[in-house]
Amino acid sequence: MTIAATSIPAVDAVTTLQQQRHAFINDGPPTVERRKANLIKLRTAVLAHRCDVEEAISADFGNRSKHETDIMELLGVVQSIDYLLRRLRRFMKPERRHVAAFHRAGRAYVEYQPKGVIGVMAPWNYPIALTFIPLATALAAGNRVMIKPSELTPRTSALIQRILAGSFTLDEVAVILGGPEIGARFSALPFDHLLFTGSTQVGRMVMRAASDNLVPLTLELGGKSPVVVAPGHAGRSALDSIVFGKLANAGQTCVAPDYALVHEDDLDEFIAKYHEAVARGYPQGPTSPDYTSIVNDRHYMRLQALVEDARTRGAKVIEAGVTPERAAERPRTLAPALIIGADDDARVMREEIFGPLLPVRTYRSLDEAIGYINARPRPLALYYFGNVGADSEALLRCTTSGNVGINNTLMHVAVDDLPFGGVGPSGMGAYHGIEGFRAMSHAKGVFVQGRWNLPRLLRAPFGKLAEFALAFTLRPRP
Ligand code: NAD
């Protein structure tokens, strides 16, 4: 598997994996100082390329504002590196564990050891954040890393390779460029751990490929994340937050609210407030420099087909905000739209939308909303707008989703101390927080025998002492 990239030497993935593993074994696990130095090097490199990143992403998407790239990608990377730097020493500390009476004279602890070589496969929608945050986590845990970015953002992926080649040797961090075929071969490599971020469909293939080598996996997948608006809560602040979550990156966000469940009495207000919130956020309409384009023609056509499918099934499509018709003036620009009354068989209610379309479904009682969510695959995120109290607690207790946002959207991902990951078809395992560090570490249990060795009493030849000890320990108890 050899992939040439402009001005960067070709990287052979199989050889690179061998070299990284060899270097990992030879050098031993890096000290806390070395790991911190790596994180600082990564932060310096990313910040030094801030403008390059903004330009490459905008060119790959057609249009994406530099502010959006700074907020949704670079801020997250820098914040997560700072978080890891502050906590690394504590994360790395061996952890004392409980010892049962029989073993009391001994000592037990868990040591978090780097796994070795971590594979990272990234999607195109946040190409920098979803490459560099897993990379930072893997480096903090003391690993070597091989990265396969997406082929759909070619300028950004080449830039990622350039940035990392300027800061790390290939036996520390290597980038393999290529499309699905390279992805398939990459996912079949015998890594010590593989973190895949992408679609549920490709996630299944990656899991199959990894199973041949029993490679442990973290799968960060997609799906349909609902937003539930409590009766009487379709107000300005809820709608501003829902519009932010839906239209950031033009809805090309794994944790974007996919569809809304709104009380039937509030539908008109929801539509009116959605319209106002879009107009407030994008006063120049969909050709605003702050409004992102759809990444490529295939996704643009897919989204148009979703709208057409809903329309032909009798749903009402309401374009939102100012001058939605001007979307046609800019390539691959899709006006924000609400889809009202789409039936459950409509594609917008079955497939992950990943674009600026928001189907709205009405409900009569919270139980009905919970039933609707539970009848579908477990989502990556779930959002609730309403009072914090019995209803929000019932929703939290009775549904299972990767994460939850209450009275906000997307922000749970930016809280570095929270784990981030899906459940079932929306993912497996998590990173961010201590969960990320641990996912990329091996938790090695160690038991050190003390001077007094009570279990010795239980070795053959069994005598009176063993009998006494067993009679005491296994005495009948309630
Ligand atoms: P994708 O699954 O098409 O691609 C992801 C990666 O897999 C890319 O690097 C791609 O080259 C590679 N790939 C493609 N086909 C492959 C194959 N047959 N075998 C192995 N690798 C292959 O996903 P995408 O379109 O880039 O991203 C969008 C999806 O990612 C959405 O479903 C979204 O919800 C999900 N996503 C999830 C998260 C999360 O953190 N949970 C974040 C962002 C995106």
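The rules behind each value
- Counting of residues starts from 1 at the beginning of each chain's written sequence and follows it residue by residue.
- Thresholds applied to this predicted model are a pLDDT of at least 70 for local features of residues and 80 or more for the giving and counting of side-chain atom pairs; totals over whole chains, interfaces and linings are not thresholded and use all residues.
- Side-chain numbers come from the whole structure's heavy atoms, not from hydrogens or water.
- Among buried residues, those of type Ala, Val, Leu, Ile, Met, Phe, Trp, Tyr and Cys that are joined through side-chain atoms within 4.5 Å constitute a nonpolar core.
- Exposed residues in this analysis have more than 50% of their type's maximum accessible area, buried residues have under 20%, and partly exposed residues fall in between, with area computed by a 1.4 Å probe over protein chains only.
- Put simply, DSSP marks the helices as runs of H or I at least four residues long and the strands as runs of E at least two long, and each gets a number from the N terminus on.
- Note that the domain bounds reflect an automated or database-derived domain assignment.
- In what follows, residue pairs with any heavy atoms lying within 4.5 Å of each other are defined as contacts.
- Proximity criterion: a residue is near a molecule or strand once any of its heavy atoms comes within 4 Å of it.
- Any pair of N or O atoms that falls within 3.5 Å is considered a polar contact. Within protein, one atom must be able to donate a hydrogen and the other to accept it, and sequence-neighbouring residues count only if both atoms are side-chain atoms.
- Each accessible area is a Shrake-Rupley result for a 1.4 Å probe, and residues are judged covered by the shown protein chains and nothing else.
- What makes a patch is a set of residues exposed beyond 30% relative accessible area and free of salt bridges, joined within 9 Å when like-charged and within 5 Å when nonpolar (Val, Leu, Ile, Met, Phe, Trp, Tyr).
- Take a side-chain nitrogen of Lys or Arg and a carboxyl oxygen of Asp or Glu: if they are within 4 Å of each other, that pair is a salt bridge.
- Pairs were defined over the aromatic rings of Phe, Tyr and Trp, the Trp ring being its six-membered one, requiring ring centres within 6.5 Å. Orientation was assigned from the angle between planes: stacked under 30 degrees, edge-to-face over 60, tilted for the rest.
- Geometrically, a charge over a ring is one whose NZ (Lys) or CZ (Arg) sits within 6 Å of the ring centre while staying within 35 degrees of the ring normal.
- We treat two strands as partners when DSSP finds at least two bridges between them.
- For helices, the fitted axis covers only the stretch in contact; all axes are lines through C-alpha atoms, and the angles between them, taken along N-to-C directions, range from 0 to 180 degrees.

> What is the right way to look at the nonpolar core in this model?
Across soluble globular proteins, you tend to see nonpolar side chains buried next to one another. Ranked by size, the top nonpolar core spans 85 residues in total, and within it Leu42, Phe132, Leu135, Leu164, Phe270, Tyr274 and Val360 carry the most contacts. Residue contributions to this core peak at ten residues, all from helix 4 (residues 66-92). Two domains each provide a minimum of three residues to this core, namely domain 1 (9-221 + 430-442) and domain 2 (225-421). Each residue touching leucine 135, except ones within four places of it in the same chain, is listed here: Leu42, Val145, Ile147, Leu164 and Val173. Ala230, Leu261, Ala346 and Leu382 belong to the second-largest nonpolar core, a separate cluster that totals 32 residues.

> Would you take a moment to explain the site of the ligand for this structure?
Near the ligand lie 27 residues; those nearest to it are Lys148, Glu151, Ser199, Leu221 and Glu352. Taking lysine 148, its side chain carries an N or O atom lying 2.7 Å from an oxygen atom of the ligand. Glutamate 151 is positioned with one of its side-chain polar atoms (N or O) 2.6 Å from an oxygen atom of the ligand. Coverage of the ligand by the protein chains reaches 91% of its 850 Å² of free accessible surface.

> Teacher, can you tell me more about a nonpolar patch on the surface here?
Judged by side-chain polarity, Leu458, Leu470 and Leu474 come together as a nonpolar surface patch covering roughly 270 Å² of accessible area. Summarising the element assignment, leucine 458 is placed in the loop between strand 18 (441-448) and helix 17 (464-473). The class for leucine 458 is partly exposed, based on a relative accessible area of 30%.

> Looking at this structure, I do not really get the pattern of salt bridges. What am I missing?
Side-chain pairs of opposite charge can arise whenever the charged atoms involved come near each other. Inspection of the entire model under this criterion finds 27 salt bridges. For the salt bridge of aspartate 70 with arginine 50, the shortest nitrogen-to-oxygen distance reads 2.8 Å. Here aspartate 70 is found in helix 4, whereas its partner arginine 50 is found in helix 3 (residues 50-61), with 20 residues between them in sequence. By relative accessible area, aspartate 70 is classed as buried at 13%. Look at arginine 50 and you get partly exposed, because its relative accessible area is 43%. Between aspartate 344 and arginine 376 there is a salt bridge, with its nearest N and O atoms 3.4 Å apart. With aspartate 344 in the loop between strand 13 (337-340) and helix 12 (347-350) and arginine 376 in the loop between helix 13 (366-374) and strand 15 (381-385), this pair connects stretches of sequence that are 32 residues apart.

> Help me understand the packing of aromatic side chains in this model?
Any aromatic ring pair is given by two values, namely how distant the centres are and how the planes are angled relative to each other. A full pass over the atoms with the stated rule returns nine aromatic pairs. Ring centres of tyrosine 282 and tyrosine 291 lie 5.3 Å apart, and the angle between their planes is 75°; on these two criteria the pair is classed as edge-to-face. Comparing tyrosine 282 with tyrosine 291, the two get one shared label, buried. Among the aromatic residues, those joined into a ring-pair cluster are Phe61, Trp124 and Phe354. Residue placement shows arginine 376 over the ring face of tyrosine 372; its charged tip is 3.6 Å from the ring centre. The aromatic ring of phenylalanine 472 is capped on one face by arginine 475, whose charged end is 4.4 Å from the ring centroid.

> Just checking my understanding: could you explain the sheet that holds strand 4 (residues 107-114) for this structure?
Strand pairing in a sheet is mediated by backbone hydrogen bonds. Such pairs are either parallel or antiparallel. Taken together, three strands build an open sheet; the order of strands is 3-4-18 and the sheet is antiparallel. The open sheet has two edge strands with one neighbour each: strand 3 (95-97) and strand 18. Neighbouring strand axes in the sheet, compared pairwise and without regard to direction, differ in orientation by 30° on average.

> Can you walk me through the sheet that holds strand 9 (residues 217-220) in this structure?
The six strands lie next to each other as 7-6-5-8-9-17, forming an open sheet whose pairing is mixed. What marks the edges here is a single partner per strand, and that holds for strand 7 (173-175) and strand 17 (427-428). Pairing analysis gives three bridges linking strand 6 (residues 144-148) to strand 7, with the strands arranged parallel. Across the sheet, residue valine 145 finds its bridge partner in strand 7, namely valine 173.

> I tried to follow the environment of arginine 451 on my own but got confused; where do I start?
Considering the arrangement of structural elements, one finds arginine 451 in the loop between strand 18 and helix 17. Sequence separation between arginine 451 and leucine 159 is 292 residues; the distance between their C-alpha atoms is 58 Å.

> Please explain unusual backbone geometry as it appears in this structure.
If a residue is not glycine, its phi is most likely negative; likewise, a peptide bond is most likely trans. The linkage connecting alanine 460 with the following residue, proline 461, adopts the cis geometry, with an omega of -5°. With respect to the element layout, proline 461 can be found in the loop between strand 18 and helix 17. Positive phi values are uncommon outside glycine, yet threonine 323 reaches one of about 40°. With respect to the helices, strands and loops of the structure, threonine 323 is situated in the loop between strand 12 (316-319) and strand 13. Of the residues examined, threonine 323 reaches a relative accessible area of 30% and is grouped as partly exposed. The phi angle at leucine 410 is positive, at roughly 70°, despite the residue not being glycine. Relative to the helices and strands, leucine 410 is located in the loop between strand 16 (403-406) and helix 15 (411-414).

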